[in-house]
Amino acid sequence: MLSTDSSGSRFTPLVVVELASDTKEEAIAWLLSRIRDTQQNGGAELLVEQLGPGVVAEEKENPNMFLVGASWQRLLSGAEDVGLFKECSDGSMRGFTCVNKHSFKDFKGDGDDFLSMAECQYIIKHELDTLRAKDETHVPGYSQAKLYPGKSIIRRLLSKGILIQVFPLHDKEELKRLSFSWYEKVKLSLQPLDDIRHYYGEGQALYFGFLEYFTFALVPMALIGLPYYLFDWEDYDKYVVFAVFNLIWCTVILELWKRCSASLAYNWGTLSRKKAFEEPRPGFHGVLGFNPVTGREEPLYPNAKRLLRIYLVSLPFVLVCLYVSLYVMMIYFQMEGWALNVHDEDPTFWTGILCFIPSIIYAVVIEVMNLIYRYAAELLTEWENHRLESSYQNHLVLKVLVFNFINCFASLFYIAFVMQDMVLLRQSLATLLITSQILNQFMEAFLPYWLQRRRNKKMMRKVQKKRTMQGVELPLEEQVRLEADMSTYLGTFDDYLELFLLFGYVTLFSCVYPLAALLVVLNNITEVYSDAFKMCRVFKRPFSDPAANIGVWQLAFEAMSVIAVVTNCALIGMSPHVKAYFPDSETQLILWTVAIEHGLLAFKFILTFLIPDVPKHIQIKLARLEFESLEAFKKKRQLHGGKCWKPWSSARASSEEERRSCTH
C-alpha cells in the first residue's frame, strides 16, 4: 500500500510514529517539519503522512498517528550511514557505499529491491533516533520538555510521554509466506533462518538459530540418558560415565556454537560491522554538561553516585530477596516432610499423589517470585540511572540471573548436599522441570494468543459494521491501529533466560536424572513453534537488531557449565560405591574428588583453546578485507600528498558528493 506525503511524493509506509492524543499542534508541526527537513538543515529527510480515520471513526481513536517512509535514494544513503554490510559480486561481505553500489551482488537498476524491509525500517529508526535539536530550548508548547543543541529529539519526546511509541509495520504477504514455511506446517526440517533474518533481523534469527542448535545438541544426551532411566538404576553412581560425557559434551557444544554463530553473522554481514556509538538512554538524567568524547551538551551523572546506589541499595535489596527465596524454600521442605510422614503412616495411591503436591506448589511459587523480582529488578536498575542501554542491560541481566539461579536451584542443592537424599532430589528435579515447562508454555503462548485473538475479533466486528470483510484485505488504517494495539515484543531476554534455566536443569544434576535432556528437547520443539507463532501473530513487529552473537548469554551458559562440573563431581564423590574405595580416609576421598574436578575443568579450558571461535575460512576473508582496507587507505594518502587528514570542509564536501551519487 502506498501513501502520499504532503509534498505529493508517494511512498511505502514502513514505520508508525504515535504521539499522545492530546499533543499540542505546535509540537506536532515542529516534529513533522524536522522529520521532513533536509539533512543539510539538520532534518531526517524522510517522508511522513498522518494516518486517516478508521472505517468506523470513534471518538477514542488517537488522531496523532503518522506513517513514515523514505525514497529509495534516501534509504541507500542511510544504509551507508549505518554501516550496512552486503554481499559483493566476488562473494565477500563489505560495507555498502553509494559510490560502489553497482559492485554489490543484488544491486540491480536503481536498487529498488536491494534492501530488505527490515533493513529499511532499521535505517528509518536510526535516522529518527539521530534527529537532534538545533537551537531550540524546549519542545514547542512544552516548556518543561527542555532541549539543548545535540539532544536526541525522539528520546526527549519518549521520556516526557509526548511520543507513545515508534514501531515498524508488518508486510502481510511476506509474513504469510514466512508463517507457512516456519510454523504452520509440522515438518522435520530446519528453520528458515535466512527468511527470519530477512524479516526480523539478525538478533531474532540468532536466537532461533541458537534454540535450534541447542535442541539438536541435546539429542545425544537424551538418547544416551533414556536407557539409563528406563532400566531404573537406583544406584546413581552408575551414572558416572553418563555425567562425564555430559560435562564434556556441554563444553563442546558451547564452543561449536561460537563457530556456528560466527558463520551466520558473517553471512548476514554483522560479524565485521562496527558497533554504532551509543547514545544516552531515554530515561537517563543528570546535570547538563559537555561530553568530552562528542563535544555535545548532554546530561552528566556522577559515577560515584551511581555506585553508591548500586552497593548501598541495589545489592542489599538483592540479598533480601535471596533471603526471602531461601525462607520460602524452607517452608517447602516442611510441607514435603509433612507429606512424606502422611504417606509413611498410610501408604495409599492418594497419599502417593500427595507427595508430589508440595513440589508442584513450590514450582508455581518459584515462577511467581521470578516474575515479581523481575519487575522489581527493572525498577531498581532504572533508578540506578545508567547512561547507556548496554550498561543497563548488563546490570539487569546480572540481577535476574543471580536471583533466578538461587530461586530455581537452591532447593536442589540443599537436597543434594545437606539432606543427601538422592530419591527426593530426582523427584524434586523432575517436578520442578515439568511444572516450569507447562507454566512457561501457558504464559508465553496460550495467554498472549488468547488476549490478541480478543483484540482481533473486536477490530473485525468494528470493521464489519461498515462493510462485509469476506475476501477483502483489512484497510491500511485499521491494520495500523490493530498493530498499534498488539503487545510489544520486549526482546529475547526472557527467551534466553528460559533456555539458561533449562540448561541448568540438564547439566547440574546429570548423574541423578538422565531423562532431563529428553524433556528439554521435547520442550524446545514446542518452543520453536510457540515462539514463531507469537512473533507472527501476537506481537508488534520488532525493529531489526544487527547482532553478531548472543552476547552476555554466551558467558552465562559457560558459567553454568563450569558450575555443573563442580556439582556432578561432588555428587559422584558422595556415592556409596565411590566411598567404598576410601574406607579409612575421608580426606583422601575429598582430595581425589577435587583433583578429578580440577582435571575436568582443565580439560574444558583446553577445549576452549583448541576449538577456534571463528572458522579458518572466515578468518581469512576478514583478514583479506582488513588488508584491502589498509591498501586503499595508503593509496588515498598518496593521492593527497601523503597527508592522512583532510580539512573538515573538504571532507564534508566529499561526503556530500558521495551521498549525491546515490541519486544517480
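Per an unreviewed UniProt entry, the chain goes by Anoctamin and derives from Parambassis ranga. UniProt, in its Subcellular location (unreviewed entry) section for the chain, records the words "Membrane". Of the chain, the UniProt comment under Sequence similarities (unreviewed entry) reads exactly: "Belongs to the anoctamin family."

Focus on the overall build of the chain
Looking only at helices and strands, one finds 21 helices and twelve strands in the chain. Buried positions account for 48% of the 664 residues belonging to the chain. Carbon and sulfur atoms make up 62% of the accessible area of the chain, which totals about 33,000 Å².

Considerations on the UniProt feature "transmembrane region" (unreviewed entry) in the chain
On the UniProt side, "transmembrane region" (unreviewed entry) is annotated at positions that read residues 205-227, 239-257, 310-333, 349-375, 396-417, 429-451, 499-522 and 589-611 here. Helix and strand shares over residues 349-375 are 93% and 0% respectively, and the end C-alpha atoms of the span are 41 Å apart. End C-alpha atoms of residues 499-522 are separated by 13 Å, and the span's content is 67% helix alongside 0% strand.

A few points about the sheet that holds strand β5 (residues 65-69)
With antiparallel pairing, the four strands of this open sheet are ordered in space as β4-β5-β3-β10. Taken across any chain shown, the strands that pair with only one partner, and hence form the sheet edges, are β4 (47-50) and β10 (163-168). Between one strand axis and the next, the sheet turns through 20° on average, direction left out of account. Where strand β3 (residues 15-19) lies against β5, four bridges are found, and the strand directions are antiparallel. Looking at β5, one finds that Val16 is bridged to Leu67. Those strands touched by helix α3 (residues 117-129) are β3, β5 and β10, and its axis lies near 40° from that of β3.

Some remarks on the packing of aromatic side chains
Each pair of aromatic rings is reported with the distance of its centres and the angle of its planes. One pass over the structure, following the stated rule, counts 34 aromatic pairs. Consider the rings of Phe107 and Phe114, whose centres lie 5.3 Å apart with planes at 65°: the pair is edge-to-face. Relative accessible area serves as the criterion here: at 7%, Phe107 is assigned to the buried category. Assessed through its relative accessible area of 5%, Phe114 is described here as buried. With a centroid separation of 5.0 Å and 45° between ring planes, the pair formed by Tyr332 and Phe333 is classed as tilted. Here Tyr332 and Phe333 have matching classes, each one buried. The positively charged end of Lys86 is found above the aromatic ring belonging to Phe114, 5.0 Å away from the centroid. Of note, Arg541 hangs over the ring of Tyr199, and the distance from its end group to the ring centre comes to 3.7 Å.

Some details on the environment of Tyr505
Considering the arrangement of structural elements, one finds Tyr505 in helix α15 (residues 493-507). For Tyr505, a relative accessible area of 4% gives the class buried. Residues Tyr505 and Ala430, 75 residues apart in the sequence, show an inter-C-alpha distance of 9.1 Å.

Structural notes on the confidence of the model for the chain
Per-residue confidence for the chain gives a mean pLDDT of 82, with 86% of residues at or over 70. Predicted confidence is poor over residues 465-471, with pLDDT under 50, and the contacts of this stretch with residues over four places away or in other chains come to nine contacts.

Comments concerning the side chain of His386
Positionally, His386 belongs in the loop between α11 (357-383) and α12 (389-419). In terms of polar contacts, His386 uses its side chain to reach the side chain of Glu384, at 2.6 Å. A polar side-chain atom of His386 sits 3.1 Å from a polar atom in the side chain of Ser391. The contact partners of His386, leaving out residues within four places of it in the chain, are Arg281, Phe284, Arg306, Ile310, Thr381, Ser391, Tyr392 and His395.

Cut-offs applied
- Residues numbered from 1 in each chain as written.
- Predicted model: local features only at pLDDT ≥ 70, side-chain atom pairs only at ≥ 80, totals over all residues.
- Heavy atoms only, no water.
- UniProt positions renumbered as here; feature names shortened; annotations may be inferred.
- Helix = DSSP H or I, 4+ residues; strand = E, 2+ residues; numbered from the N terminus.
- Buried < 20%, exposed > 50% of the residue type's maximum accessible area, 1.4 Å probe, protein only.
- Areas by Shrake-Rupley, 256 points an atom, 1.4 Å probe, with all protein chains shown as cover.
- Pairing = 2+ DSSP bridges.
- Axes fitted to C-alpha atoms, helices over the stretch in contact; angles between N-to-C directions.
- Contact = heavy atoms within 4.5 Å.
- Phe/Tyr/Trp six-rings, centres within 6.5 Å; stacked < 30°, edge-to-face > 60°.
- Lys NZ or Arg CZ within 6 Å of the ring centre and 35° of its normal.
- pLDDT = per-residue confidence, 0-100.
- Polar contact = N/O pair within 3.5 Å; in protein donor to acceptor, adjacent residues only side chain to side chain.

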